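Breakdown of the fold
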Amino acid sequence: MDELMRKRLYGDTAAAVRPPQASKQEQEQGELIDRVRQQLFARVEASVLGRRDSEAQRILRQVVTEIVGREGVRPLDRPRVISEILNDVLGFGPIQPLIEDPEVTEIMVNGPNRVYVERGGRLEKSDICFRDEEHVRNVIQKIVGPVGRRIDESSPTVDARLPDGSRVNAVIPPLALDGSCITIRKFGRRLSADDLLRLGTLGRRELELLRDLVRGKLNVLVSGGTGSGKTTLLNVLSSFIPHDERIVTIEDAAELQLQQEHVVRLEARPPNIEGKGEISIRHLVRNALRMRPDRIIVGECRGGEALDMLQAMNTGHDGSLTTLHANSPRDAVSRLETLVLMAGEDLPLRAIREQIASAIDLIVQIARIRDGSRRVTRICEVGKVLPDGSVEVRYIFVFDFHGADTTGRVIGELVPTGLVPAFLEKLAWRGISVQDQLFCKELR
């Protein structure tokens, strides 16, 4: 294999050694794996190493097995050594088993020797480690390379995605003081509406109401904190969009998994090494308006694109969906005001609030609560601008906390506040009928 190609793909493995604090046995195992890897690179062509099909995997496994046998590895250790080498060549190194583990929802690498995972909403330390800092950097390059992203000393942070859509963030020195960091939020099996019911994220009546609101082309904002399940809920809401509508999705890193056929997926592009060529989400939102969309879905509003999103909602693109980082529905409105101000258009605050009140029909607040589960905690209607200048937020459903069971799982449900929302009239115009009794406390 060409030496330059080998180093570009897998780093300088000859220099890779176990950390100084590793035991003698671990160091010997690391040296053994390095020898096997070097022999593999010498025997197999670069074209095979760059492939991921079943035939390439069969060839690589066969060659690695032969080399491991000649190296005198004990039969008991051979499966582990073979697996570690194949993970490095075909996957993402030591964290590949965690990526494949369906119970792991998040992976956090804090340098070569500290890897944490989230299982069932709770953090725990893994016994997995990298050989050294260079090994972590090689894995980062394997992640960001195929999606056209870059990371180096001049641009030491990057957002990317795995082939399955899982979200990746990486930070390297000099910003990361204790070694390169990788954070992977996994998007494994696409959750359906029935899955949300089974997990207790919300009740059946509330889910059916949200289905009617999406079909009735109301503009919905999903709000929540980091890791609360906003994108998952957005995916479920998007599944209610009729299949005869044209959908344009806009994301910083493509994560949405829409099942409709008529979908156009757009992804922002960071600047190149010369600092040129950046395509922002705001530019894509503006461009989407010229693509004859029935619906526009913005994965997350986090900047000036919020203004363009509001204008799209106010100019005939009803039924649009987006998410926003906020701790409550009222905070979501305040943050939306701040994001619009970031657009630099020098709009008066009163005009911004009127845009928000006119554009957003519904805010769905989702949160990760103390037992690790994700629950919808508020469903709110956005009303008019009040005399004091603030945007009215009217709570329709709120989460009623009942306590916890013997396992610590929180017991509670969404209950109506008794408020009958004004958007029922909009739904009626589109032929969708929702009974007023759904919002009555006494009948629940």
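Details of the structure are given in the entry above.
Let me begin by describing the structure that accompanies this report. What you are looking at is a predicted structure, and each value in this text was computed from that prediction instead of being measured.

Thresholds, definitions, all that
Residues numbered from 1 in each chain as written. Predicted model: local features only at pLDDT ≥ 70, side-chain atom pairs only at ≥ 80, totals over all residues. Heavy atoms only, no water. Pairing = 2+ DSSP bridges. Helix = DSSP H or I, 4+ residues; strand = E, 2+ residues; numbered from the N terminus. Axes fitted to C-alpha atoms, helices over the stretch in contact; angles between N-to-C directions. Contact = heavy atoms within 4.5 Å. Buried < 20%, exposed > 50% of the residue type's maximum accessible area, 1.4 Å probe, protein only.

Sheet topology places strand β2 (residues 115-119) next to strand β3 (residues 122-126); five bridges connect them, and they run antiparallel. Bridge pairing links Y116 to K125 in β3.

Let's shift gears to the sheet that holds strand β9 (residues 263-267). The mixed open sheet is built from nine strands, whose spatial order is β9-β8-β10-β11-β7-β12-β13-β14-β15. Looking at the sheet topology across the chains shown, the edges are occupied by β9 and β15 (410-416). Sheet twist, expressed as the average angle between the axes of neighbouring strands with direction ignored, equals 25°. Note that strand β14 (residues 391-404) and β15 share seven bridges and pair antiparallel. Residue G403 lies in a different strand from β15, and its bridge partner there is I411. Sheet strands touched by helix α13 (residues 329-341): β7 (220-224), β11 (321-325), β12 (362-368), β13 (374-385) and β14. Its angle to β14, the strand with the most contacts, is close to 135°.

Now for helix α14 (residues 349-359). Where α14 is concerned, the buried positions are I352, R353, I356, A357 and A359. Looking at the buried residues of α14, the elements they touch are α12 (305-313), α13, β13 and β14.

Secondary-structure assignment places Q257 in the loop between β8 (247-251) and β9. Expressed as a C-alpha distance, the spacing of Q257 and L234, which sit 23 residues apart in the sequence, is 9.7 Å.

Here we come to the environment of R246. Of note, R246 is situated in the loop between α10 (230-238) and β8. Distance in space between the C-alpha atoms of R246 and Q260 is 9.0 Å, their sequence separation being 14 residues. In this structure R246 touches H262, V264, M291, R292, P293, D294 and R295, once residues within four positions along its chain are discounted.

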